[in-house]
Amino acid sequence: MSVANEAVTETAAPLLEVRDLKTHFPVREGFLVFERTVGQVKAVDGVSFSVARGETLGLVGESGCGKTTIGRCILKLVEPTGGEIRFDGKDVSGLEGGELKDFRRRVQAVFQDPYSSLNPRMTVAEIVAEPLLVHGMDKEPGERSRHVAKLLNLCGLPGNIAERYPHEMSGGQRQRVGIARALALNPDFIICDEAVSALDVSIQAQIIRLLEDLREELGLTYLFIGHDLSVVRHICHRVAVMYLGRIVETAECDELFDNPKHPYTKALLEAVPIPDPKIEAERAHSFLAGEVPSPMNPPSGCVFHPRCQLAVAGCREESPELIEYGQGHWAACPRVSAG
Amino acid sequence: MTELLEIQDLAVEFVTPIGRVQAVNGISYSVAEGEVVAVVGESGSGKSVSAQATLGLIPQPPGKITSGKIRFRGENLLELDDEAIRQVRGQRVAMIFQEPMTSLNPVLSIGRQLTEAMRLHLGLSKAEADARGIELLSLVGIPDPDRRLVQYPHQFSGGMRQRVMIAMALACEPELIIADEPTTALDVTIQAQILELMKDLSARLGVALIIITHNLGVVARYAHRVNVMYAGRIVERGNADAIYGNPAHPYTVGLLNSVPRMDKPRGSPLEPIPGNPPDPANLAPGCAFAPRCRFATERCVQEVPDFVELADGHAAACFEIEAVRREAAE
Ligand SMILES: Nc1ncnc2c1ncn2[C@@H]1O[C@H](COP(=O)(O)OP(=O)(O)OP(=O)(O)O)[C@@H](O)[C@H]1O
Ligand SMILES: Nc1ncnc2c1ncn2[C@@H]1O[C@H](COP(=O)(O)OP(=O)(O)OP(=O)(O)O)[C@@H](O)[C@H]1O
Ligand SMILES: [Mg+2]
Ligand SMILES: [Mg+2]
């Protein structure tokens, strides 16, 4: 499926390229000497995509489909089983020394739960300054605290918050601190893994606006992982829909939402609520039956076939390739026209 | 419509080391037989506490119900003794809690947890209760219910655990189910399945339903009436068409403008509500929303607004409704 993105990215070299990424986790049973591997979770099973400079790619799909695992592979927190990740033209698996350090500076992440991702015993100023210390930047304390103040201000936090601890702040404020920390080293690429999912709607909108403003001001590139499709539609340029470790559809944002092809994408879109009872009353809802199957024991052929209304006998046997249905619009389903 | 549940002027406070927390500050709403009512508001606004008060589940101390009546079929639940309220809770009113992980007991089988209340309250034998347990599991859409009955919570996915909670809530044929954020932790597809299931069961079995949520969008399809809460008070109430189509309180308008909408052109900017929710231990004297409100005047900072009736059953507690309406009309 590596061809899938060439249409979109042929104009400039992408900042991030992921090719045929596989991440299989062993499943163990028993303990001590009796422990043995009884199977594998194919958390990511042959995923390819690329992200252009300045672009925001959305990654969506149900719980357990492998979104976070992809993010962790890119961050080099998990060793992939196969495939290749290239950042700014370089294979990240071979990075060492100064190059590795530079990569770690340029690629940052913002996670879902601002509470558990901030050290409870550090003040806001210490949390935001920590990456600067680790990377030996702004060595002079005065310079460092000026930089921290600038970052807090950039993220819409009042200056007097610097001496507070995480438990003394609201969820939205904690998420802003997490973003300020991610920005400290002046990164190019930020992985937002459910970065707004845990927040109240009124606060969620503030953080979305902040992420959009920062993207514009600092020229950032995002991989935006989320399960709320209306949020993903709002913030992303392009979207990849995942199901059980694979990408089943990818397209420009408008194209994907206006003209979905894969039956799974269609079902996902129909499940998104619209805050208007009149529209809801007239809207089609073909609720997806069943639940996401276990990635340890995925169905044969097309992994979506047990829940698919279009499935025919062939779907149980053959795993479908991505087919190009329009410019840059790919879907892994040969039965699209049957819908 | 006959009112099944009537909450009148309910107030609940907690005494904590940092001071007195007015968690619920004089709220009133009612639920008719078979009706689906939504309670919407952000974290800390008092949604769960008001539901817990209904079932006598407020830990006292630190909690205290300082005023109000909760009438269920005319009877004030706040005056019942422990034994009587336990009867109501087990049998006539059921609750589905916010976290399905923590509200199922990990060491008891699903069947045991599902049938215990039926044996206790309906006096069924083990065989009768098991048969009904199987029936309930299939009613909520769990395949192979007889095999599932002997399994434990960890063998169920999040969505299936939430279905079990619904089955448990239905076990004693209650007249009212209170569902506290029943789907917040679930995927959109599963969330839609569960809400649809609850609405369907409510219509088929005539059970009334209170759905508590922080996301107005989620309940548009399901609620007949909506109550919007902010800082321990209801600030707007009305039928769903009025609340979504013609909101009058600036907070409700703000909530609706905060969510990106799939039916609107992409790129329409979000209009977040500025600022943060208030600290319930430290509420200012006037309207609690005033510090975040574009329409706030001097009066709003000093006085708490009363409800203004706008149309049949539609009311908002705001001094500046006309200004809000004028802006909406533009
Ligand atoms: N370290 C690990 N060891 C074993 N299995 C793992 C590990 N990390 C993830 N998995 C499994 O891999 C699959 C994908 O998990 P992942 O966290 O990437 O999903 P996700 O799409 O981010 O889901 P969510 O929306 O719930 O965050 C899941 O089945 C998960 O249980
Ligand atoms: N046992 C308790 N002791 C002290 N304060 C409490 C207790 N339970 C609730 N509160 C306080 O009462 C207020 C209302 O809480 P409640 O749980 O009703 O909020 P909620 O609207 O359900 O929020 P969420 O959306 O986060 O569930 C909060 O300020 C909370 O901190
Ligand atoms: Mg994840
Ligand atoms: Mg709650």
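Predicted model only: the values in this text are computed from it and were never measured.

Let us now look at the overall build of chain B. Tallying secondary structure elements over chain B gives 13 helices and 12 strands in all. In summary, chain B has a C-alpha radius of gyration of 21 Å against a globular reference of 20 Å for 330 residues, a match within 12%. Taken over the C-alpha atoms alone, chain B extends approximately 65 × 50 × 40 Å along its principal axes. Taking all 330 residues of chain B together, 53% fall into the buried category. Here the contacts in chain B between residues at least 6 apart in sequence split such that 64% fall between residues at least 24 apart. Counting every atom, chain B has about 14,400 Å² of accessible surface; 51% of that belongs to carbon and sulfur. One finds the centroid of the 31 positive side-chain charges in chain B at a distance of 4 Å from the centroid of its 40 negative side-chain charges.

Our next topic: the overall build of chain A. If you tally the helices and strands in chain A, you get 11 helices and 12 strands. What you see for chain A is a C-alpha radius of gyration of 21 Å, in line with the 20 Å of a compact globule of 339 residues. Its C-alpha atoms put chain A at 70 × 60 × 45 Å along the principal axes. Residues classed as buried in chain A amount to 52% of the 339 residues present. Taking contacts inside chain A between residues at least 6 apart in sequence as the whole, the part at least 24 apart equals 65%. Of the accessible surface of chain A, which amounts to about 14,900 Å², a share of 48% is contributed by carbon and sulfur atoms. On chain A, the mean spot of the 36 positive side-chain charges and the mean spot of the 47 negative ones are 3 Å from each other.

With that settled, consider the sheet that holds strand S8 (residues 208-213) of chain B. Residue and element names in this part refer to chain B. Reading across from one edge, S6-S7-S8-S3-S9-S10-S12-S11 is the order of the 8 strands in this open sheet, with mixed pairing throughout. Every other strand in the sheet has two partners, leaving strand S6 (93-96) and strand S11 (307-311) as the edge strands with one partner each. Between one strand and the next, the sheet's axes are offset by a mean angle of 20°, whatever the strand orientation. Sheet topology note: the strand S3 (residues 36-40)/strand S9 (residues 225-230) ladder contains 4 bridges and is parallel. Considered in S9, the bridge of Ala-38 is made with Val-226.

Next up on the list: the site of ligand 2. Residue and element names in this part refer to chain B. Taken together, 15 residues form the shell around ligand 2, and within it Ser-43, Gly-44, Lys-47, Ser-48 and Val-49 come nearest. Gly-44 is positioned such that a nitrogen or oxygen atom in its backbone is 2.8 Å from an oxygen atom of ligand 2. In isolation ligand 2 has 640 Å² of accessible area, and contact with the protein removes 70% of it. Those elements that place two or more of their residues in the shell around ligand 2 are strand S1 (3-16) and helix H1 (47-54). At 3 residues, the largest contribution of residues to the shell around ligand 2 is made by H1. A per-class count over the shell around ligand 2 returns 5 nonpolar, 7 polar and 3 charged.

Let's shift gears to the packing of helix H5 (residues 126-139) of chain B against helix H7 (residues 158-170) of chain B. Residues and elements named next belong to chain B. Between H5 and H7, the least distance of the axes is 9 Å, while the angle of their chain directions is 130°. With respect to each other, H5 and H7 are oriented oblique. Helix-helix and strand crossings are classified by hand; for H5 and H7 the assignment is right-handed. Contact residues: H5 offers Arg-132, Leu-136, Leu-137 and Leu-139, while H7 offers Val-164, Ala-167 and Leu-170. When its residues are assigned to classes, the contact of H5 with H7 shows 6 nonpolar, no polar and 1 charged.

We now examine the layout of surface pockets. All names here are of chain B. Space inside the second largest pocket adds up to approximately 670 Å³. Considering the residues around the second largest pocket, the lining is formed by 22 residues, among which Arg-89, Gly-90, Met-95, Ala-117 and Met-168 are closest to the centre. Broken down by secondary-structure element, the contributors of at least two residues to the lining of the second largest pocket are helix H2 (82-92), S6, helix H4 (110-122) and H7. Looking at the lining of the second largest pocket residue by residue, the class counts come to 14 nonpolar, 5 polar and 3 charged.

In this complex, chain B contributes 45 residues to the contact, which on the side of chain A involves 43 residues. Between chain B and chain A, a total of about 3,800 Å² is buried, with carbon and sulfur atoms accounting for 60% of that surface. Linking A:Asp254 and B:Arg266 is a salt bridge whose minimum nitrogen-to-oxygen distance equals 2.9 Å. Mapped onto the side of chain B that touches chain A, the elements with two or more residues apiece are H7, helix H8 (188-205), helix H9 (216-219), helix H10 (240-245) and helix H11 (250-258) of chain B. Broken down by element, the side of chain B that touches chain A gets its largest block of residues, 6 residues, from H8(B). Of the residues in the side of chain B that touches chain A, the class split is 21 nonpolar, 12 polar and 12 charged.

Per the counting criterion, the structure on display carries 8 aromatic pairs over all chains. Aromatic side chains B:Tyr251 and B:Phe289 sit 5.4 Å apart centroid to centroid with 65° between the ring planes, which places their arrangement in the edge-to-face category. With B:Tyr251 in helix H11 and B:Phe289 in the loop between H11 and helix H12 (298-302), this pair connects stretches of sequence that are 38 residues apart. For B:Tyr251, a relative accessible area of 0% puts it in the buried group. Classification of B:Phe289 by relative accessible area gives buried; the value is 3%. Here the aromatic cluster, defined as three or more aromatic residues joined through ring pairs, consists of A:Phe87, A:Phe103 and A:Phe189. Directly above the aromatic system of B:Phe307 lies the positively charged group of B:Arg237, at a separation of 4.2 Å from the ring centroid.

With that settled, consider the site of ligand 1. Residues and elements named next belong to chain A. Taken together, Phe-25, Val-41, Ala-43, Ser-63, Gly-64, Cys-65, Gly-66, Lys-67, Thr-68, Thr-69, Glu-194 and Pro-295 form the complete shell of residues around ligand 1. In this structure, an oxygen atom belonging to ligand 1 sits 3.0 Å away from a main-chain N or O atom of Gly-66. Here an oxygen atom of ligand 1 sits 2.8 Å away from a polar atom, N or O, in the side chain of Lys-67. Surface burial for ligand 1 is 61%, taken as the share of its 640 Å² of free accessible area covered by protein chains. Secondary structure elements with two or more residues in the shell around ligand 1: strand S2 (36-51) and helix H2 (67-74). A per-element tally of the shell around ligand 1 places H2 first, with 3 residues.

For chain B, mean pLDDT is 89; residues scoring 70 or higher make up 98% of the total. Of the two predicted TM-score estimates for the complex, the pTM is 0.89 and the ipTM is 0.84.

Definitions and limits used
Residues numbered from 1 in each chain as written. Chains lettered and ligands numbered in written order. Predicted model: local features only at pLDDT ≥ 70, side-chain atom pairs only at ≥ 80, totals over all residues. Heavy atoms only, no water. Helix = DSSP H or I, 4+ residues; strand = E, 2+ residues; numbered from the N terminus. Rg over C-alpha atoms; globule rule 2.2 N^0.38 Å. Buried < 20%, exposed > 50% of the residue type's maximum accessible area, 1.4 Å probe, protein only. Contact = heavy atoms within 4.5 Å. Areas by Shrake-Rupley, 256 points an atom, 1.4 Å probe, with all protein chains shown as cover. Lys, Arg positive; Asp, Glu negative; His and termini not counted. Charge placed at Lys NZ, Arg CZ, Asp CG, Glu CD. Pairing = 2+ DSSP bridges. Axes fitted to C-alpha atoms, helices over the stretch in contact; angles between N-to-C directions. Near = heavy atom within 4 Å. Polar contact = N/O pair within 3.5 Å; in protein donor to acceptor, adjacent residues only side chain to side chain. Nonpolar A, V, L, I, M, F, W, Y, C, P; charged D, E, K, R; others polar. Parallel < 35°, antiparallel > 145°, perpendicular 65-115°, else oblique. Left-handed = near helix turned anticlockwise from the far one by under 90°. 1 Å grid on protein atoms, 1.4 Å probe; cavity = no way out; pocket = protein on both sides within 12 Å on 5 of 7 lines; lining within 4 Å. Points joined across faces, edges and corners; volume = space filled by probe spheres on them. Buried area = accessible area lost by both parts, 1.4 Å probe. Salt bridge = Lys/Arg side-chain N within 4 Å of Asp/Glu carboxyl O. Phe/Tyr/Trp six-rings, centres within 6.5 Å; stacked < 30°, edge-to-face > 60°. Lys NZ or Arg CZ within 6 Å of the ring centre and 35° of its normal. pLDDT = per-residue confidence, 0-100.

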